[in-house]
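Spelled out from the first residue to the last, the chains are:
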Amino acid sequence: MSAYPAGGGSGLSGKAHVLAAAMSIASLVFILRAVRRRQLRAKYSLLWLSIGAAFVVMAAVPGVLDWTAHRLGVDYPPALLFIVGIIFLLLVAVHLSWEVSRLEERTRVLAEEVALLRSEMHRDPTP
Amino acid sequence: MRPLAIIPAYNEEAALPAVLAELALVVPGCDVVVVSDGSKDATAAVARASGAVVLELPYNLGIGGALQTGFRYAARHGYERAFQFDADGQHDPAEVARLLTEIDRGADLVIGSRFLKPEPIGAGGAAEGDGYRVGKARGGAMGVMRFGVRMLSGQRIVDTSSGFRAFSPSMIRHFADTYPAEYMDSVEALLLAFKGGFRVVETPVRMRERAAGQPSNRSFKLAYHFVRLTVVMLSSASLHRPARPA
């Protein structure tokens, strides 16, 4: 017995689909603008853009989530959404941790070099 | 005012002395700044011994960071012309004069092109020359980059990844402030120049084949930066053309 409304996917009405599509597209535009203004480096945008694109597809094509879920053997399609979402967030978190580690290492090197430069300055006051 | 040669170098102790000597011989009127990008060898010492100003980065930033350091130096010291020169001997110093002439003629960014045929074909157009070979995957990626640059700027640039370039004072100041940090910086720099309304000119130059070693050609790295650049291009798309800065 299916609880899904006719023509919709995973319990979303037609109106909800349009809203989801609009929000997904707005997110993509927002991310692209951030890259353009150099507030977000292009490399960080890649994961976000691919997820945004996936959401646009899901919103624009009703039933694609259900179809994919059943193909993969997942009985409850929203579960697929959650699993993919969690995996994506894990990837982003790991990527950020990796970048933070790299930055900490580089900041440390800079601090050490500054200490060396300071001593050279005091030793040699002529500019 | 003497022009400035900006030479980014990473572990080039072997090639640098000869490169600097030849540059001093063929372009005697230029100042030289060598930017050691976290080199682990004697690059800095060797450059200093040849009389160049040496900027030693505390760790490896990549070509973009090394170049931007050079641009900052050029801007801070008021250089009116600067050119980028490779530390490995691929660039021919005899061609420097040709690049600088275009700057004097009013260009902001002059690209020394490996692929432009010296004689134009048809009504002012230029065709791709041969003579300098690149790998297949890289060639395909470069083709798409060329298309992207043409779409965004309206101008046809054949060699989008050339590192043999000259810069006007306003271009120097702009790049000192903002320069791409990642691989394939030259394509992104081209987009930045077009976006800022700078005048870009391409001129053919002879380049020597790489003396030793293969250029980094790992497919995954290329594919990743290719996708990344596509995002940059998509976000750069604009409907109007900006005014040329003073």
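Residues numbered from 1 in each chain as written. Chains lettered and ligands numbered in written order. Predicted model: local features only at pLDDT ≥ 70, side-chain atom pairs only at ≥ 80, totals over all residues. Heavy atoms only, no water.

Asker: What is the right way to look at the overall build of chain A in this model?
Answerer: Secondary structure assignment for chain A yields 4 helices and 0 strands. Of the regular secondary structure in chain A, the N- to C-terminal order runs α-α-α-α. When each of the 127 residues of chain A is scored for burial, the buried share is 24%. The contacts of chain A with a sequence gap of at least 6 include a subset with a gap of at least 24, amounting to 56%. (Helix = DSSP H or I, 4+ residues; strand = E, 2+ residues; numbered from the N terminus. Buried < 20%, exposed > 50% of the residue type's maximum accessible area, 1.4 Å probe, protein only. Contact = heavy atoms within 4.5 Å.)

Asker: How should the confidence of the model for chain B be read in this particular structure?
Answerer: Low-pLDDT stretches of the model should not have their predicted coordinates read in fine detail. All names here are of chain B. Looking at chain B, pLDDT values average 87 and 86% of them are 70 or higher. Of the regions scoring below 50 in pLDDT, residues 119-131 engages in 17 contacts with residues more than four places distant in sequence or in other chains. This prediction of the complex comes with two scores: 0.84 for pTM and 0.74 for ipTM. (pLDDT = per-residue confidence, 0-100.)

Asker: Hey, could you run me through the interface of chain B and chain A in this one?
Answerer: Interface size, as often reported, equals the accessible area lost upon joining of the parts. On the chain A side, the residues contacting the 22 residues of chain B number 14 residues. Note on chain B versus chain A: buried area summed over both sides is about 1,400 Å², and carbon and sulfur give 64% of it. Looking at the side of chain B facing chain A, the largest losses of area belong to Y59(B), V231(B) and S235(B), adding up to 38% of the total buried there. Counting across the interface, chain B meets chain A through 0 salt bridges. Breaking the side of chain B that touches chain A down by element, the ones donating at least two residues are α7 (185-195) and α8 (219-236) of chain B. Ranked by the residues each element gives to the side of chain B that touches chain A, the list is headed by α8(B), at 8 residues. (Buried area = accessible area lost by both parts, 1.4 Å probe. Salt bridge = Lys/Arg side-chain N within 4 Å of Asp/Glu carboxyl O.)

Asker: Hey, could you run me through the confidence of the model for chain A in this one?
Answerer: In this model, chain A carries a mean pLDDT of 85, and residues with pLDDT of at least 70 account for 88%. Residue range residues 1-8 of chain A is modelled with pLDDT below 50. Its contacts to residues more than four positions away, or to other chains, number 9 contacts.

Asker: Sorry if this is basic, but what is going on with the pattern of salt bridges here?
Answerer: Two side chains carrying opposite charge are able to pair once their charged atoms lie near each other. Following the criterion strictly, the structure yields 17 salt bridges over all chains and no others. Linking K43(A) and E99(A) is a salt bridge whose minimum nitrogen-to-oxygen distance equals 3.0 Å. Here K43(A) is found in helix α2 (residues 42-60), whereas its partner E99(A) is found in helix α4 (residues 77-123), with 56 residues between them in sequence. Among the residues examined, K43(A) registers a relative accessible area of 13% and is labelled buried. Taking relative accessible area as the criterion, E99(A) reaches 4% and is therefore assigned buried. Taking the shortest distance from any N to any O, the salt bridge between R206(B) and D92(B) comes out at 3.2 Å. You can see R206(B) sitting in the loop between β7 (200-204) and α8 and its partner D92(B) sitting in the loop between β4 (82-84) and α4 (96-104), a full 114 residues away along the chain. Given the relative accessible area of 52%, R206(B) is considered exposed. Its relative accessible area of 11% is what places D92(B) among the buried residues. Each of E22(B), D92(B), E95(B), R98(B), R206(B) and R208(B) takes part in salt bridges that share partners, so that together they form one network.

Asker: Please explain the side chain of S170(B) as it appears in this structure.
Answerer: Residues and elements named next belong to chain B. Here S170 is to be found in helix α6 (residues 169-177). For S170, a relative accessible area of 11% puts it in the buried group. Within the structure, the side chain of S170 is placed 3.3 Å from the side chain of D108, a separation counted as a polar contact. (Polar contact = N/O pair within 3.5 Å; in protein donor to acceptor, adjacent residues only side chain to side chain.)

Asker: Help me out: how do you make sense of unusual backbone geometry in this one?
Answerer: Glycine aside, negative phi is the norm for most residues, and most peptide bonds take the trans geometry. Residue R38(A) is not a glycine yet carries a positive backbone phi of 60 degrees. Inspection of the secondary structure assignment puts R38(A) in the loop between α1 (14-36) and α2. Of note in this structure, M184(B) is not a glycine but carries a positive phi near 65 degrees. Inspection of the secondary structure puts M184(B) in the loop between α6 and α7.

Asker: It is not clear to me how the packing of aromatic side chains should be interpreted in this structure. Could you clarify?
Answerer: The description of two aromatic rings rests on the distance between their centres and on the angle between their planes. All names here are of chain B. Counted according to the given criterion, the structure contains 9 aromatic pairs over all chains. Judged by centre distance (5.3 Å) and plane angle (40 degrees), the rings of F71 and F175 are tilted. Of this pair, F71 sits in helix α3 (residues 63-76) while F175 sits in helix α6, and the two are 104 residues apart along the sequence. Classification of F175 by relative accessible area gives buried; the value is 0%. (Phe/Tyr/Trp six-rings, centres within 6.5 Å; stacked < 30°, edge-to-face > 60°.)

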